[in-house]
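# Examining the three-dimensional arrangement
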Amino acid sequence: MLESPKSSKTSALSAKGSVKKIKGETKAKGSAKGKRKQLGKKDEEEDISMASIGHPEIFPLVFTEKTQEILNCRINEDITEEKPYKLLKKEDIIQDMKTRAAVSDFHPVKKVVLEYPGEELLIVLDTEFKYGQNFYLVATEEAKESFLNPPEAVEEEGETKEGMTEEYIYKPPVRKPWVSLGSEKEIEEESVNESLRKIKYMISRVRREFGSKIKFTDRNASSVKDGYIECTSYQDKNFSIKKLEKDVGAQVVPKVREMSTQTKWTYPRNAATQYFPREFSDEEKELCLSSEELKEFIISVFLRVEIALQQNEIMNAFFDDWKALAEDESAFGGKSDAYLKEYQSFTDLHYLKHRRVSCVCWHPAIYGIIAVSVTERLSYEERITQSGKLLLQKSPILFWSFSDPIHPQLMLECPEEVYCFEFCPSDPNIIAGGCMNGQVVLWDISEYEEKLQNAKTGAGGSKNTAVNMPTFIQAQQSGKEPHFVRYCAVSSIEYGHKSVITDIHWLPDYFEVNRLGTTFENRAGVCVQLVTCSPDCSILFWDLRAPKTTIQNSTEKAKDEKAIEAPPDVPTTFKHLDLSWRPLIKANLAKSDTSGDYSPTKISLVDEHFHYKIQDKMQYQIKPEMFGDENPYKQLRVPSAKPLKILENIPTNFFVGTEDGEVIYSDWKMERESDSGRLISQKPANKYTIHDGIVHTIQRSPFFKDIILSVGGWNFAIWKEGVTSGPILQSCCSSKRYTVGHWSLSRAGVFFIGREDGHIDIWDLLEKTHEPSQTQNITISMITCIRPWIVSSKQHFLAISDDFGTLHILEISWTLSHPSSNERASVLHYFEREVKHLDYFEQRQEFRAKERKELELETQRKKTRVAGGQKSREQMEEQMNINYADFLDEEKKILTGLGLLKTTDRFA
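Residues numbered from 1 in each chain as written. Predicted model: local features only at pLDDT ≥ 70, side-chain atom pairs only at ≥ 80, totals over all residues. Heavy atoms only, no water.

### Focus on the overall build of the chain
Along the chain, the regular secondary structure elements total 19 helices and 37 strands. Sequence-distant contacts, at least 24 apart, represent 64% of the contacts inside the chain between residues at least 6 apart. About 61,900 Å² of surface is accessible on the chain, with carbon and sulfur atoms providing 52% of the total. (Helix = DSSP H or I, 4+ residues; strand = E, 2+ residues; numbered from the N terminus. Contact = heavy atoms within 4.5 Å. Areas by Shrake-Rupley, 256 points an atom, 1.4 Å probe, with all protein chains shown as cover.)

### Observations regarding the nonpolar core
Counting residues in hydrophobic clusters, the biggest one holds 49 residues, and the most contacted among them are F399, L530, L544 and Y633. Leave out the neighbours within four places in its chain, and F399 touches H363, I369, I370, A371, P408, Q409, L410, L412, F423, I431, I445 and L452. (Core = buried A, V, L, I, M, F, W, Y, C linked by side-chain atoms within 4.5 Å. Buried < 20%, exposed > 50% of the residue type's maximum accessible area, 1.4 Å probe, protein only.)

### Some thoughts on the confidence of the model for the chain
Overall, the prediction assigns the chain a mean pLDDT of 79, with 81% of residues at 70 or greater. Below pLDDT 50 for its whole length, residues 1-45 participates in 31 contacts with residues either more than four positions away or in separate chains. (pLDDT = per-residue confidence, 0-100.)

### Section: the sheet that holds strand β4 (residues 135-138)
Pairing within the open sheet is antiparallel, and its four strands lie in the order β1-β4-β3-β2. Of all strands in the sheet, those with a lone pairing partner are β1 (58-61) and β2 (85-89), marking the two edges. On average, each strand axis in the sheet is tilted by 30° relative to the strand beside it, whichever way the strands run. Sheet strands touched by helix α4 (residues 90-100): β2 and β3 (120-125). Its angle to β2, the strand with the most contacts, is close to 70°. (Pairing = 2+ DSSP bridges. Axes fitted to C-alpha atoms, helices over the stretch in contact; angles between N-to-C directions.)

### Considerations on the pattern of salt bridges
Opposite charge on two side chains lets them pair, provided their charged atoms get close. This structure, assessed with the given rule, holds 20 salt bridges. Between R545 and E512 there is a salt bridge, with the nearest N and O atoms lying 2.8 Å from each other. Note that R545 is positioned in the loop between β19 (538-543) and α16 (554-561) and E512 in strand β16 (residues 511-513), a separation of 33 residues in sequence. Neither residue differs from the other here; R545 and E512 are each classed as buried. Note that R700 and E721 form a salt bridge whose closest N and O atoms lie 2.9 Å from each other. Pair noted here: R700 is in strand β27 (residues 695-700) and E721 is in the loop between β29 (715-720) and β30 (729-730), with a separation of 21 residues, a long-range link. (Salt bridge = Lys/Arg side-chain N within 4 Å of Asp/Glu carboxyl O.)

### Examining unusual backbone geometry
Residues other than glycine seldom take positive phi values, yet N72 does so here, at roughly 60°. With respect to the helices, strands and loops of the structure, N72 is situated in the loop between α3 (65-71) and β2. Although it is not a glycine, F129 sits at a positive phi angle of roughly 55°. Given a relative accessible area of 46%, F129 falls into the partly exposed group.

### What to know about the pairing of β27
Taking burial as the measure, the six residues of β27 include five buried ones, the bulk of the element. As defined by bridge partners, β27 adjoins strand β28 (residues 707-712) across five bridges and the pair is classed as antiparallel. Residue pairing across strands places I698 opposite S710, the latter belonging to β28. The turn joining β27 and β28, which pair antiparallel and follow one another in sequence, is formed by six residues.

### A short note on a negative patch on the surface
Where like charges cluster on the molecular surface, the negative patch consists of E186, E188, E189, E190, E245 and D247. Inspection of the secondary structure assignment puts E188 in helix α8 (residues 183-190). (Patch = residues over 30% accessible without salt bridge, like charges linked within 9 Å, V, L, I, M, F, W, Y side chains within 5 Å. Lys, Arg positive; Asp, Glu negative; His and termini not counted. Charge placed at Lys NZ, Arg CZ, Asp CG, Glu CD.)

### Focus on a nonpolar patch on the surface
Together, F302, L303 and I307 give the surface a local cluster of nonpolar side chains, amounting to about 320 Å² of exposed area. Mapped onto the elements of the fold, F302 is located in helix α10 (residues 292-314). A relative accessible area of 52% means that F302 is categorised as exposed.

### Examining the state of the cysteines
A complete count under the given rule lists zero disulfides for this structure. Here C420 stays free of any disulfide, with the sulfur of C359 as its closest cysteine sulfur at 6.2 Å. (Disulfide = S-S within 2.5 Å.)

### Comments concerning the environment of G132
Along the chain, G132 turns up in the loop between β3 and β4. Taking C-alpha positions, G132 is 8.6 Å from L61, a pair spaced 71 residues apart along the chain.

### Re the packing of aromatic side chains
Applying the stated criterion to the full structure yields 29 aromatic pairs. A ring pair is formed by Y343 and F402, whose centres lie 5.5 Å apart and whose planes are at 55°; its orientation type is tilted. Separated by 59 residues along the polypeptide, Y343 in strand β5 (residues 341-346) and F402 in the loop between β8 (397-401) and β9 (410-412) bring together distant segments of the chain. Assessed through its relative accessible area of 11%, F402 is described here as buried. For the ring pair F541 and W668, a centre distance of 5.4 Å and an interplane angle of 65° mean the geometry is edge-to-face. Residue F541 is located in strand β19, and its partner W668 is located in the loop between β23 (662-667) and β24 (670-672); the two are separated by 127 residues in the primary sequence. Note on F541: relative accessible area 3%, which makes it buried. Members of the aromatic cluster, each reached through a chain of ring pairs, are Y343, F346, W362, Y367, W400, F402, W789 and F797. Across the ring face of F210, the terminal group of R205 is positioned such that the distance to the ring centre comes to 5.6 Å. Across from the ring centre of Y487, 4.5 Å away, lies the NZ or CZ of R486, which sits over that ring. (Phe/Tyr/Trp six-rings, centres within 6.5 Å; stacked < 30°, edge-to-face > 60°. Lys NZ or Arg CZ within 6 Å of the ring centre and 35° of its normal.)

Pasting the structure below:
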């Protein structure tokens, strides 16, 4: 008899586990002898039956689709749930085993099939997998007959009808003898047994010391014997510990999951239709308008419609909240997309190795061209010791292009390392630079203007190169080095600066200065004068025009005749200045308290050239109409002898930052000394000591000409021209030293400050004034220069150079580059409020000083009274004067009463 479904399922699970166990044991003993293999096979054949759960006549089998087709026992076709069995002929099964051999699904029960006494074998579909497989074989005739002809269960139905439930009979598991397969040895090998005998310690303490207070005192370890004992590690030869090795193997099998889906693809079709509106006839309109239903409807909705119309008048129902939210976030104080994004970087292993970038300038007219100057990363002492080696090394100015970040497009040859340089605002092809030895250099790159414009076509602008080939491959194939452009002129080293030129500026093209510092109109129409400063305590003004001709000596004529002509590839634009160029004005900043002079490092004029906006990324060059297409600097002549118009409204004041951290406000106009009559510089009007280090930046705001930013040492300050009491804003000391700073070109309240640790602080005065709005890491070395650039209204760049010779181009985010509608007015109001606050602070300081002085006098008087009549010298003199005046009054009264003195007479 077959058991109930519940017990069958439990037996099937246990049988399945036993089969897996036997298979595992067979694999583990795969290296045994042939007898063990035969025994394993016999065990496997015997254990396939369900004898362990009380059904030795049942053998579970797995029928593949191939076997189902051969024997015509396909599921859901030949065998269904209504008829889940089929009789198979013994001959067909034996023929299948002969044909397919070990591949046959009946191979595990080969012996059972051959020993079966009947002609037909019964197979049953196991849909619920009671015995672990999809089919099972009935191996006896009795079990087959009982399955085909089951007895009727009349009594059970009656009991069920009466509400009686069948009780479950518990069958205890059958005990089996344990067979050792060698696993206990592995467990013993892997287990850890203590081989050493444990040592026991007993620590005791006097009972009266329990709970007593502990006092710690300081003493010298050397004063007491064994006061300091050092326990150092050493190797004990009596013990040797061997590491136990354990072999562990693991195999990871990924889970595979198959999924499928079916989607319908619909393609768009063009469709058109034509219609006309359906309208009521005149009779229907009159009938509808005169109906009672329409009147009742209008009366019922009249109140709601009136309320809706009032709401539409009060508020805008079509207001876009999402758009308004984005506008509020993009205003100052928003945090969305406020970081600088890396756009490109430039470096060169040959010319920039072991050098720092000292100055960065964007090309004013050509998109994507930026120039950098480099200097050796040496101290003053190292530069002196290696001066001979530095003369042999080239330190050019490199021109980089966005189209080729690997190879420089142009190089400017320098007589000495260039510390600073600047493009001419009138003609970007003219470049002026300041050298480390104090000379001023001029270049003319007009001949290479077309090469810089065509930088995107490849290195050298060759037409035969492939269009789609990268620029660096074209440069390698062409094998051409970047062009070296020699300088046109260099100033005289005798009359120039005696130290490095730290800053250089072009004077605007609408005025010029004479030797007295007076401003006149500029008839040339282009920038013709320069201003340089150096720590040698001098500020020099230079004029590009040839000086007035004078009578030459015979020796000077001989020198001119022997002068070497310039090479053919060097422009002759400034040939008249080469090696004979002298400054027009030399201004010194004398100290008022001592006899020395201030050493300027940075200078800020009233009109500074910050940027040139480019439209549609095309070249835009400023050329006066009076010169036509020719270079105006080639036609510069000796200054005219005709009197020029004096410009009184041009301010001649300037700000200067020094090596000692002072900020100086002075005037470049010269004065004549009363004794000797020679020209001398004016003394500075104001001097402030704010920074505790070298002033690296002093710059006017591009939005407010009277607002100046100074960066130096560990802090920065913002000044307002005309306010003599000090800066209107001064930052606290930073954690890292500041190295450079620059105003934003698009937002009035934003400026960038670089630090020595490679971070950049972004300050937004409308958001925070006590700390930077955000800090971003750019490089691992010191930041040396910051230059912003506006390409278009949608693209703003920020060039940042570091101490390792790398130039980083960052794209400024929308939040940092686009101001709000009233930002300029808000920043101006903030500066005015700070000026009023500074004035109030000074008044309060004066009031507090006066109050403090009165308080000190009052305290002194109280001390005098307490001392028992001991008065100070001033108090004694004051009391004597009072007593003498009383004596004179009394004497006058007595003499008048005696008639010796008339009332009209004066009493002396």
